[in-house]
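Residues per chain are reported as follows:
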Amino acid sequence: MPTRFLSDAQRARYGRFDGVPSRTQIARYFHLDATDRDIINQLRGSHNRLGFALQLGIARFLGVLPTRFEDIPDVVVEAVVAQLGLTTMPSLTAYAVGRPKKRHAALIRKTYGFRDLADDASARFRLTRWLYTLCWSGDDRPSLLIDRATAWMLARKILLPGISTLERLVARIRDRAHRQLWMHLSDALSDMQRQKITALLEGEGGSLRRLDSLRAAPTRRSMTELLRHFHRLDDIRAYELAPHSPETVPNALIQRLAKIARTMRPSAIAVAKEPRRTAIIAALFHTLEAVAIDDAVELFSALLADTFREAKAARKRKRLRSLGDLDAAALTLRDLARRVMTDGDDDTDMTFRSWRDAIYDELNYAALVEATDRVDVLAKPPEDKPLEELIVKWRTTHTLFRNLLERIEFEASPKGQPIKAAIDFLRGIENWAKADMNDAPTEILRGVWRKYALDTNGKVSDNKAYVFAVCEAWQGALKTRDIFVPAGMRFDDPRRGLLSGEAWQAVKPTICRTLERSPNGETELAVLADQLDQAYRRAAETFEVNPAIRTEIKKGKPQLVITPLDRIEESDSLKKLKFAMRTRLPKVDLSDVLLEVANRTGFAQDFTHVTERRARVDGFQTSLCAVLLAEACNIGFEPITQASFPPLRRDRLSWISQNFIRSETITAANARIVAAHNELPIVQHWGSGDVASADGIRFSAPPTVIHAGPNPKYFKTGRGITLYNLVSDQFTGLNALVVPGTLRDSMFILALLLDQETDLEPVEIMTDTAAYSDIVFGLFWLLGYQFSPRLADIGQTRLWRIDRKADYGPLDSLTRNKINVRLIIENWEDLLRLTGSLKLGHINAGAVMRTLQVRERTTALAKALGELGKIIKSLHILRFITDEETRRRILLTSDLFVDLTGFLVCFQVWLLRGAL
């Protein structure tokens, strides 16, 4: 069990001054009130009074009683001396080693209630229970636990123990949580399942290879790959190893262990000790079938989208080839139309028959009939479906859709019930092309599909058209989760995963404490109402004198207008400084930079062999950096291979690539780099790590990539993906996620944030307008984050109020919309359940965002979340328009990703290989 989690630099900062405290910190922790002065004035000697005051302030600020007074910053000593009214600076050398210092420390403990953790069993128990709760909810990063434990003890006047003591405490709590998880998963298995796991891991005849094949996800966008994957799904079910999920175990912990199980070598799982070995397999099979189902649905949906897209393209090509015939027919009918209009104007008394005869004398009757028939064949209405071209893909579509329905059960929301009825009807028919479908449900048929699939009596006359209509409706409903997969995870209805009943009541106090949210909606809304009212009044007071904002009447309604920020010109001294830095910075190769970063941070230690054995070779770090560079720059091994140098031989590089480069090792290495970067003194001038920016870069993808999507704006006629990144204000990458290139950013930003595993804990997230919605504002606030997007359309954005009678002066015309507070209060319990389910990993963040943002048939929960989001959005807008510094910071930070694109691409784009 490892017990050393912090680096030497982090350990050196523990319980000590990390730089010079700010004026705010000095005023808060080193201010001496009347009670403090009464005690200090009883002491004899200026050095005793100063020493006591410094001990008291440091105990409040750092949670320790100082041992070395020479380490105290001068500004702190000067501030205390000024408060004591001392004319000279007393020497603390004798005081630091004398008996008065110890007596004063005891007096501080007794008078001010400071106590040691080891002497307070109640506090130690509460801290242990709280840290264990954090571990059990998924926040088990050691550095995060140590930081939170430090803050917890400072708030309760508990003097910090030694760093080794605190690390051992965190290690024991984490180990206890892990063992508890393993025991819960093992106990949930039946005796038969345990025997099967033993046979799978210890049996002969390639059982370990069998386990590896069960985990193999589809890698190509093809029919044969999906059929192979269907057989894999059958094999997973044949093992019957899916255990019942223990109700007391958060799903996030099971998912995390399952993620490790999907990447570990089977041989490494086989040699693990019990109960960890059994728990790993239990977690794997707990999610394996669900993951396989999701993979099958996703791949079929992608192939179905390709089928319809290719049919439309074929229809377009066919129309282009027939454009000449269509033109000729159209010109003939044009002549007819002109003749009709001319005859109608010249001779209004002409009978219809004589009028038609005159037309036929001038225009050939057979030519008119032929032109009419040709237009009827070639001209298609805009909403037409390329049925003829789809029929060409009938055999493939029929095979895949039938296999899908045979293996996967679908459920539906009330809106999706007609589609489910059609699916169930098809599932009960053998031959879709020739079967009698007179009794088929036809409610799903809309528009031209009715013309293609139904006869005049409303019965199905074209079976193939009916099946394609069902496929199209199924795919659309799947996106909105009106059709969902109850046995899956990514395509399940997220509302079904919400905690409820006893399970929710058991974790509700923990969730409320962790997120600092009141279980009473009225209490929370009262606080928000007061904040919103004060924000409006501050904005109203400065509105008339703020040159950056004004109102204009547009389309009969007042709109807010914000003047763009002026560019801050660089001073001459700054230009000279930049020039001096550019001339002094050496020009180095990227390989040298990577090797130096490896030497400084030691991130190579996090790249362990897949067998988790201590597999190492001489020159490992050089080989690892070469592989990272080759894959990041997408240049392959050839340019860097050197047969005469063992660390750069091709076989060595291939061995490193196959056995050490995995998602979990990359995540661990990145977390180490972020932590080391955060320790640099200059980084603190860039940012504290509390702010992050999210944005994406797009890449074209090969046709075989499963997760690629079309987007003509970025990929022309091809497909692509988006690498969505989370970047801190310290210029470090916190997390990255590969998503199809057609989906809104707001569906993924929350997952990106919740899954990041670095030491930094950003609380304010800045994005562009694409990630903006009222629901995002509300959900982020519930989870304890501040969502700060750029609002490109701020003039069209509504401001909302709670108090209808309040007078906000010049803002009254902009704040006519009132928040439905009652709706929020009535659904407050469900809002907390949603937040807790997300926090504990019971529901997928991306699926939740997709479901909540469906505009048709909005649920009461989504409406309440939107109303809450309107309050938070209004607070954000008011802060945005009244504070130029806030506007500038949001604009600059949200553009931070653009400045880092080249760097991030170099070190992160190679992640696409595993993700795709």
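Below: a short report on this structure. Remember, predicted model here, so these are calculated numbers, not experimental data. (Residues numbered from 1 in each chain as written. Predicted model: local features only at pLDDT ≥ 70, side-chain atom pairs only at ≥ 80, totals over all residues. Heavy atoms only, no water.)

## A few points about the overall build of the protein
Moving on, step 1. Looking only at helices and strands, the protein features 42 helices and 14 strands.
Moving on, step 2. Considering only residue pairs separated by 6 or more positions, the protein has 73% of its internal contacts joining residues 24 or more positions apart.
Moving on, step 3. When the accessible area of the protein is evaluated, it comes to approximately 46,100 Å², of which 51% is carbon and sulfur surface. (Helix = DSSP H or I, 4+ residues; strand = E, 2+ residues; numbered from the N terminus. Contact = heavy atoms within 4.5 Å. Areas by Shrake-Rupley, 256 points an atom, 1.4 Å probe, with all protein chains shown as cover.)

## Description of unusual backbone geometry
Moving on, step 1. Backbone torsion omega between Glu274 and Pro275 reads 5°, so that peptide bond is classified as cis.
Moving on, step 2. Relative to the helices and strands, Pro275 is located in the loop between helix H15 (266-271) and helix H16 (276-321).
Moving on, step 3. For Lys157, which is not glycine, the phi torsion reads 55° and is therefore positive.
Moving on, step 4. Tracing the backbone shows Lys157 in the loop between helix H9 (142-155) and strand S2 (158-159).
Moving on, step 5. Although it is not a glycine, Phe731 adopts a positive phi angle of roughly 65°.
Moving on, step 6. With a relative accessible area of 36%, Phe731 lands in the partly exposed category. (Buried < 20%, exposed > 50% of the residue type's maximum accessible area, 1.4 Å probe, protein only.)

## A closer look at a nonpolar patch on the surface
Moving on, step 1. Where nonpolar side chains cluster on the molecular surface, the patch consists of Leu680, Ile682, Trp686 and Phe731 and spans about 380 Å² of accessible area.
Moving on, step 2. Inspection of the secondary structure assignment puts Trp686 in helix H32 (residues 683-686). (Patch = residues over 30% accessible without salt bridge, like charges linked within 9 Å, V, L, I, M, F, W, Y side chains within 5 Å. Salt bridge = Lys/Arg side-chain N within 4 Å of Asp/Glu carboxyl O.)

## Some thoughts on the pattern of salt bridges
Moving on, step 1. Going through the model one piece at a time under the given rule, you end up with 31 salt bridges.
Moving on, step 2. Close ionic contact of Glu596 with Arg600 constitutes a salt bridge, the shortest N to O distance being 3.0 Å. In this pair, Glu596 and Arg600 both sit in helix H28 (residues 590-601), four residues apart, roughly one turn of the helix.
Moving on, step 3. Residue Arg600 is classed as exposed on the basis of its relative accessible area of 65%.
Moving on, step 4. One salt-bridge network, in which partners are shared between bridges, spans Arg68, Glu70 and Asp71.

## A word on the packing of helix H21 (residues 394-407) against helix H24 (residues 463-480)
Moving on, step 1. Between H21 and H24, whose axes approach to 11 Å, the crossing angle comes to 55°. Between H21 and H24, the interaxial angle falls into the category oblique. The element H21 and its partner H24 pack so that their crossing is left-handed. Together, Trp394, Thr397, Phe401 and Leu404 of H21 and Lys464, Val467, Phe468, Val470, Cys471 and Trp474 of H24 make up the contact between the two elements.
Moving on, step 2. In terms of residue class, the contact of H21 with H24 is made up of eight nonpolar, one polar and one charged. (Axes fitted to C-alpha atoms, helices over the stretch in contact; angles between N-to-C directions. Parallel < 35°, antiparallel > 145°, perpendicular 65-115°, else oblique. Left-handed = near helix turned anticlockwise from the far one by under 90°. Nonpolar A, V, L, I, M, F, W, Y, C, P; charged D, E, K, R; others polar.)

## Quick look at the pairing of strand S5 (residues 549-554)
Moving on, step 1. Pairing of S5 with strand S6 (residues 557-562) involves six bridges; the strand directions are antiparallel. Paired with Ile549 across the two strands is Ile562, which belongs to S6.
Moving on, step 2. A loop of two residues connects S5 with S6, the two strands running antiparallel in sequence, and Lys555 in this loop sits at a positive phi of about 55°. (Pairing = 2+ DSSP bridges.)

## Some points on the packing of aromatic side chains
Moving on, step 1. Across all of its chains, the model carries 22 aromatic pairs by this definition.
Moving on, step 2. Note on Phe780 and Phe787: the rings are 5.1 Å apart at their centroids and 45° apart in plane angle, and the pair reads as tilted.
Moving on, step 3. Classification of Phe780 as buried rests on a relative accessible area of 1%.
Moving on, step 4. A relative accessible area of 2% places Phe787 in the buried class.
Moving on, step 5. Ring pairs connect the aromatic residues Phe300, Phe401, Phe410, Trp432 and Trp474, which therefore count as one cluster.
Moving on, step 6. Here the basic side chain of Arg517 rests over the ring of Trp781, its NZ or CZ set 3.9 Å away from the ring centre. (Phe/Tyr/Trp six-rings, centres within 6.5 Å; stacked < 30°, edge-to-face > 60°. Lys NZ or Arg CZ within 6 Å of the ring centre and 35° of its normal.)

## Thoughts on the environment of Ala503
Moving on, step 1. One can find Ala503 in helix H25 (residues 501-515).
Moving on, step 2. By relative accessible area, Ala503 is classed as partly exposed at 30%.
Moving on, step 3. Separated by 255 residues in sequence, Ala503 and Thr248 place their C-alpha atoms 7.4 Å apart.

## Considering the pairing of strand S7 (residues 691-701)
Along any regular strand, the residues point their side chains to alternate faces of the sheet.
Moving on, step 1. The buried fraction of S7 amounts to nine of the eleven residues, a majority that puts the element mostly inside the structure.
Moving on, step 2. Pairing between S7 and strand S9 (residues 719-728): ten bridges, direction antiparallel. Bridge pairing in S9 links Ala692 to Ser728.

## Quick notes on helix H13 (residues 223-239)
Moving on, step 1. In a regular helix each residue adds 1.5 Å, so 17 residues correspond to 24 Å; H13 covers 25 Å between its end C-alpha atoms and thus fits that length.
Moving on, step 2. Along H13, the residues that are buried comprise Glu225, Leu226, His229, Phe230, Arg232, Leu233 and Ile236. Along the long axis of H13, the arc covered by the buried residues comes to 165°, so they all point the same way. What points out from H13, more than 90 degrees from its buried face, is the exposed set Thr224 and Ala238.
Moving on, step 3. Downstream of H13 by a residue or two, Glu240 has a phi angle that is positive, lying close to 50°. (Expected span 1.5 Å × (residues − 1). Arc of directions from axis to C-beta.)

## Observations regarding the packing of helix H4 (residues 46-62) against helix H7 (residues 99-112)
Moving on, step 1. Where H4 contacts H7, the two axes come as close as 10 Å, and the packing angle between them is 50°. Taken together, the axes of H4 and H7 are oblique relative to one another. Crossing of H4 over H7 shows right-handed handedness. Along the contact surface, H4 presents Asn48, Phe52, Gln55, Leu56 and Arg60, while H7 presents Pro100, Lys101, His104, Ala105, Leu107, Ile108 and Tyr112.

## Side note on the environment of Ala105
Moving on, step 1. Of note, Ala105 is situated in helix H7.
Moving on, step 2. For the pair Ala105 and Ala59, spaced 46 residues apart in the sequence, the C-alpha separation amounts to 9.6 Å.
Moving on, step 3. Excluding residues within four positions of it along the chain, Ala105 makes contact with Gln55 and Leu65.

## Some words on a positive patch on the surface
Moving on, step 1. A cluster of basic side chains, namely Arg44, Arg99, Lys102 and Arg103, defines a positive patch on the protein surface.
Moving on, step 2. When you line up the elements, Arg44 lands in the loop between helix H3 (34-41) and H4. (Lys, Arg positive; Asp, Glu negative; His and termini not counted. Charge placed at Lys NZ, Arg CZ, Asp CG, Glu CD.)

## Structural notes on the nonpolar core
Moving on, step 1. Counting 140 residues, the largest nonpolar core has Val297, Phe401, Leu426, Met437, Trp449, Tyr466 and Trp474 as its most contacted members.
Moving on, step 2. At 18 residues, H16 tops the list of elements feeding residues into this core.
Moving on, step 3. Those residues in contact with Met437 that sit more than four places away from it in its chain are Phe425, Leu426, Ile429, Trp432, Val460, Asn463, Tyr466 and Val467. (Core = buried A, V, L, I, M, F, W, Y, C linked by side-chain atoms within 4.5 Å.)

## Some words on the side chain of Asn48
Moving on, step 1. Tracing the backbone through its elements, the reader meets Asn48 in helix H4.
Moving on, step 2. The exposure class of Asn48 is buried, given its relative accessible area of 12%.
Moving on, step 3. Setting aside residues up to four positions removed in sequence, Asn48 forms contacts with Leu43, Tyr95, Pro100 and His104.

## Details of the side chain of Ser874
Moving on, step 1. Mapped onto the secondary structure, Ser874 falls in helix H39 (residues 860-882).
Moving on, step 2. When residues no more than four places from it in sequence are discounted, the contact partners of Ser874 are Leu532, Tyr536, Leu799 and Trp800.

## Describing the environment of Val249
Moving on, step 1. Note on placement: Val249 falls in the loop between H13 and helix H14 (251-263).
Moving on, step 2. When the C-alpha atoms of Val249 and Ser137 are compared, they prove to be 8.9 Å apart, with 112 residues separating the residues in sequence.
Moving on, step 3. Setting aside residues up to four positions removed in sequence, Val249 forms contacts with Trp136, Leu181, His184, Ile254 and His842.

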